[in-house]
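Remarks on the overall topology
The chain contents come next:
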Protein chains: 2
Amino acid sequence: MAMAKGPQAFPRAEYLRRLSSVKAEMERREINALLVTNSADITYLSGYTAKSGYVPEGLIISLEVEEPTFVTRRCDAPAAMHQMFFDSSRVIGYPEALIANPHMDGFDAVIDFLHHNGLARGRVGFETKSLRSESIEKFRTRMPEAAIVDFSDAVAWIRLTKSDLEIAVMQEAAAITDAGMLRAREVIRPGVREADAAAEVIATLIRGANGKSGTDVAHFNLCASPRSSTPHIRWSEDVFRNGSQINLEFSGVRHGYVSGLMRTFSIGQPSDRLCRVHEGEVAGLEAALAAVKPGATCGDVATAFNKTLKKHGFEKETRCGYAIGIDWLEPTASLKEDDRTVLEPNMTFHLMLGNWIDEDFGYVISETFRVTESGAETFSRLPREIFQL
Amino acid sequence: MAMAKGPQAFPRAEYLRRLSSVKAEMERREINALLVTNSADITYLSGYTAKSGYVPEGLIISLEVEEPTFVTRRCDAPAAMHQMFFDSSRVIGYPEALIANPHMDGFDAVIDFLHHNGLARGRVGFETKSLRSESIEKFRTRMPEAAIVDFSDAVAWIRLTKSDLEIAVMQEAAAITDAGMLRAREVIRPGVREADAAAEVIATLIRGANGKSGTDVAHFNLCASPRSSTPHIRWSEDVFRNGSQINLEFSGVRHGYVSGLMRTFSIGQPSDRLCRVHEGEVAGLEAALAAVKPGATCGDVATAFNKTLKKHGFEKETRCGYAIGIDWLEPTASLKEDDRTVLEPNMTFHLMLGNWIDEDFGYVISETFRVTESGAETFSRLPREIFQL
C-alpha cells in the first residue's frame, strides 16, 4: 500500500512561491539545475523534517520542472512521501548498498538522476558549504560536462524574509517557548537537580501551547552558577542552590521553525552586579528594537544596542543577534555593527544579548522579532526581567 | 575569577590512554600534529560536550606535548575550561571578530596557533570529512609548508574498542534507555497525542535512572501508524488509536555516550503479519548475538541474522547495525555481510534490526551490546517482545 500524504504545514501555493524565488535566483546566476543539500533549505522547499540527512540526500530543482525531486535512502523515502508537498513519484529511494560503502554513496544516485534527466551539464548549483570536499570532488569527476556553481546560502538569503504564514508558525513556536520559560519559573528551586528542571521544561516544549504541540526538540542551554559564563551547555548534574543564577536559552519548534528566547533567573535577591548588567542590557534591547524599521540596517540595530550598553558601563563582545527561522540560526544577516543588510518587513531576527562577561559571570536576555512596516514586533509575551525565585 | 574544573566523567589516566592511542597512530602515519574537529572525537579526547561546534573550533594534538590545546570561540572557552580534563591554560579563545566574518574565521586562529608553535610544517593530520572544502583550502593556502594528511575516522576506529570505564558509562545510559521504554509503555494509550507521549519519555530520559541523570537529548524516533514504515521522524501531531503500531528508537545519554534501543508497541492485538515478522526478527537477533565472539567478523554477525530471518520468510535491506558510542553512530564498522572487521572484546555495536518492509509497514527491534571474551553482552534488560498495550 502506498504511503499517504500527511497533514501539510503550509499550502502548496506557499511552497511554489518559495520555489519561484529560488528559480529566479537560479536564472539570475544562469543555473539550470540546483542540488539542495542543506537540511533547513530542504525543509523550507518541501516541508520535510525527518532526520535522514546523516547520509547523502538532496532535493533537485530544475528550471524546466515545477516540482522538485528528492533523492534519499530507500528506507527514508516513505517519510519524504508523507511529509513533502509534491507528488510522491518524485521521491526516489536509493538502495542500501550505497550506505557504509567505501566506493559509492547516495550522491552517486543523485548524479545518476542528473545524468538521466539531462541535468549533468552546463552550470549546476551546489550548496558546497554543506558538502564534504570528497563529495564535491565526486560531482566534479562524475559530471565532467558540468560547471560546479556555488549556491551556498542563496536559499538562506531567500528564507530571511518570511511570508505571513511563516510568521504565524514562528508565533506558534514563540507561544511554546513562553510556556517553557514559565514552566522553568515554576520548577527551578533550591535543591532541585538541573536535569529535573530541564526535563520539565523540555517536556513542556514538546507538549506545546494552545493545542499545538512542539514538533521537535531544538537547542537547549541551561547554564547555572558556577557556569553562568558558558553559553552552550545543556545542563549539569548539579543542583540549584540559594543564590544560584540560571541562564536559559531555548525555543519551541513548529515544523522546523523556532523562536529563540533567553532569560536570566535568580534564586533569591540578584546581586548588584547582575542588576546593573540587566538594567543596561534591557535599555540596550529597547534601543535596538527602537532602531528597527524597514530601510535601517542590521548595523544600525547593533550600534543602538552597543551605544546604550556602553552608557551603562558595559560592553558585549559577541554579536547582537542573527537571522532566525528554520533550525535556529540562518547563516545570513547578523546584528553586528559592520553588517549593512537593509531591513525589510517580515525579516526575523534573534536579538541575542547574552553577555558572557568574565570566566565566572554571564547574563542573558533576548527577543525574537520580525520587522514590521514601521518598526519591530517581538514574538514573546514575557516581561524583560530577571526572574527572581 | 577563573572558571573552576567541573566533575570529570573519566579520570585523567583514561584520557591520557586515549591520547596515547591517537599519538601511536599519528606516529604510524608520520604525523607531528593533528587537528581534531569531529565533535565526538573532541568529546572522546577531552570530555567536552558543550554545543559550540557550529562555528570553527579544534583540538590540537602534538607528539611533543602531553596535553592537547583547544582553540574555540572566546565565549565558549569557559565551558571548555570547566569540562576538559587538561590544564585550562591550554584553552585558547579566539575573538568574536572571526564570527560571521566573510574574510576570516576561527580556523585562522587555529592556523596562527600552529604557526606560533612550529606545527604548521611537515605532515599535519586533519579530519577532512568534518571540514568544509573552503576550510581545507584555507589550511592549504595559509600553511604552504605543511602537507595535509587525511586523518578522518582514525580516532573513530580507536573509539570502537571501549575501556571498562566507557562500558560502565554506556551501561548507565542503557539503564536510562530502559526507563524511557518502560515509561513509553505506561503512557502510550488510545487518544493520547504522540507529542504528549514523547514529552513523557524524553523527560524520563533526562531525569535518568539510578540517581544518574541523562546529560543530553539524543536522537528520538517515534514512528506510529500510519507511519510505521518511516525510521527517522520525531513524532507527529496525531493521536494513538486502537490498533496503532508504534516503533520507538531512542537512548539515554551519559557524557555523550548512548546505548540505543528499539522496540515495537501495539495498541491491542498485534496483526498476524507483525507477529510473524517479530518472530523471525527475534530469532535472527538471537542468532546474530550467538555469532558474536572475538575473532568473528562483523560480516559473520550479519550473515547469521540474515540467514535466520530468511528462513522465516523475510528479508531486511538495511544493514544490521553499526558501531556505537559517543554521539550514537560511529563511522567505522558495520554489521553487514561484506564487513570484514574482526571483533575484539569491548567493541560496542547497535544491532539495529529495524525493517522498513513496505511503504505502509515497518517493524523495529534492536540491542546495544559489547563483545565479551567469549560472546556478547547486551546492555538493555528489557524483554524482546512486542509491547502490547
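Residues numbered from 1 in each chain as written. Chains lettered and ligands numbered in written order. Predicted model: local features only at pLDDT ≥ 70, side-chain atom pairs only at ≥ 80, totals over all residues. Heavy atoms only, no water.

1. A closer look at the pattern of salt bridges
Residue and element names in this part refer to chain A. As a reminder, the rule being used: Salt bridge, as applied in this entry: a Lys or Arg side-chain nitrogen positioned within 4 Å of an Asp or Glu carboxyl oxygen. Numbered from the N terminus, helices here are DSSP runs of H or I no shorter than four residues, and strands are runs of E no shorter than two.
Across all of its chains, the model carries 74 salt bridges over all chains by this definition. Ionic pairing is found between Lys212 and Glu172, a salt bridge with its closest N-O pair at 3.9 Å. Highlighted residues: Lys212 in the loop between helix H8 (194–207) and strand S7 (220–224) and Glu172 in helix H7 (residues 164–187), separated in sequence by 40 residues. Among the charged side chains, a salt-bridge network with shared partners connects Asp105, Asp108, Asp112, Lys138 and Arg142.

2. Structural notes on the relation of the copies chain B and chain A
Worth spelling out the cut-off: Superposing the copies works by least squares over the C-alpha atoms of residues that have pLDDT at least 70 in both of them. Any pair of residues with heavy atoms lying within 4.5 Å of one another is described as a contacting pair.
For the pair chain B and chain A, the best superposition has an RMSD of 0.0 Å and corresponds to a rotation of 180° with a translation of 0.0 Å parallel to the axis. Considering both components of the superposition, the chain copies are consistent with a two-fold axis. By C-alpha distance to the rotation axis, the residue of chain B lying nearest is B:Ser133, at 2.3 Å. Interface residue correspondence from chain B to chain A reaches 100%, placing this contact among same-surface, isologous pairings.

3. What to know about the UniProt feature "domain: Peptidase M24" (unreviewed entry) in chain A
Applied cut-off: UniProt positions are given in the numbering used here, feature names are shortened, and annotations may be inferred rather than shown by experiment.
What UniProt calls "domain: Peptidase M24" (unreviewed entry) maps, in this numbering, to residues 169–373 of chain A. The span residues 169–373 of chain A carries 32% helix and 25% strand; its end-to-end C-alpha distance comes to 19 Å.

4. Here we look at the interface of chain B and chain A
The condition that has to hold: Once two parts are brought into contact, the accessible area they lose, counted with a 1.4 Å probe and summed over both, makes up the buried area. In protein, a polar contact requires one atom able to donate a hydrogen and another able to accept it; more generally it is a pair of N or O atoms within 3.5 Å, and residues adjacent in sequence count only if both atoms are side-chain atoms. Residue polarity is assigned by list, with Asp, Glu, Lys and Arg as charged and Ala, Val, Leu, Ile, Met, Phe, Trp, Tyr, Cys and Pro as nonpolar; anything else, Gly included, falls into the polar class.
Contacts between the two partners involve 65 residues from chain B, matched on the other side by 65 residues from chain A. Between chain B and chain A lies a buried interface of about 5,500 Å² when both sides are counted; carbon and sulfur atoms form 55% of it. The salt bridge involving A:Glu237 is made with B:Arg254; its shortest N-O contact spans 2.5 Å. One can count 32 residue pairs in polar contact (both at pLDDT 80 or more) joining chain B with chain A. At the level of secondary structure, the elements contributing two or more residues to the side of chain B that touches chain A comprise helix H3 (77–83), helix H5 (133–142), helix H8 (194–207) and strand S13 (328–334) of chain B. A per-element tally of the side of chain B that touches chain A places H8(B) first, with nine residues. Within the side of chain B that touches chain A, the residues separate by chemical class into 27 nonpolar, 15 polar and 23 charged.

5. Let's talk about the nonpolar core
Residues and elements named next belong to chain B. Formally: Definition of nonpolar core: a set of buried residues of the types Ala, Val, Leu, Ile, Met, Phe, Trp, Tyr and Cys, connected through side-chain atoms within 4.5 Å. The classification of residues rests on relative accessible area computed with a 1.4 Å probe and restricted to protein chains. Under 20% of the type maximum is buried, over 50% is exposed, and intermediate values are partly exposed.
The biggest cluster of nonpolar side chains holds 56 residues, and the ones touching the most others in it are Phe220 and Leu248. When residues no more than four places from it in sequence are discounted, the contact partners of Phe220 are Ala198, Val201, Ile202, Leu205, Ile233, Arg234, Trp235, Leu248, Glu249 and Phe250. Core analysis: the second largest hydrophobic core is formed by 51 residues, Leu19, Val36, Met84 and Tyr322 among them.

6. A few points about the sheet that holds strand S18 (residues 376–378) of chain B
Residues and elements named next belong to chain B. In plain terms, the rule: When DSSP finds two or more bridges between a pair of strands, those strands are recorded as paired. Interaxial angles span 0 to 180 degrees and are taken between N-to-C directions of axes, which are lines fitted to C-alpha atoms, for helices over the stretch in contact.
Within the open sheet, the five strands sit side by side as S13-S12-S14-S17-S18. Their pairing is antiparallel. Edge positions in the open sheet fall to S13 and S18, since each of these has one partner strand only. In this sheet, neighbouring strand axes are inclined to one another by 40° on average, regardless of whether the strands run parallel or antiparallel. Of the strand pairs in this sheet, strand S12 (residues 321–325) and strand S14 (residues 348–352) are connected by three bridges, and their pairing is antiparallel. Considered in S14, the bridge of Gly321 is made with Leu351. Docked against the sheet, helix H9 (residues 272–291) engages S14, strand S17 (366–371) and S18, running at close to 160° with respect to S14.

7. Structural notes on the side chain of B:Ser52
Tracing the chain through its elements places B:Ser52 in the loop between helix H2 (39–46) and strand S2 (58–62). Here B:Tyr48 takes part through its side chain, which lies 2.6 Å from a polar atom of the side chain of B:Ser52. Apart from the residues lying within four places of it in its own chain, the contact partners of B:Ser52 are A:His232, B:Glu57, B:Thr72 and B:Asp76.

8. A closer look at the pairing of strand S5 (residues 122–126) of chain B
Residues and elements named next belong to chain B. Here three bridges tie strand S1 (residues 33–36) to S5, and the two strands are oriented parallel to one another. The partner of Leu35 across the bridge, within S5, is Phe126. Bridging between S5 and strand S6 (residues 146–150) involves five bridges; their strand directions are parallel. The residue of S6 that forms the bridge with Arg123 is Ala147.

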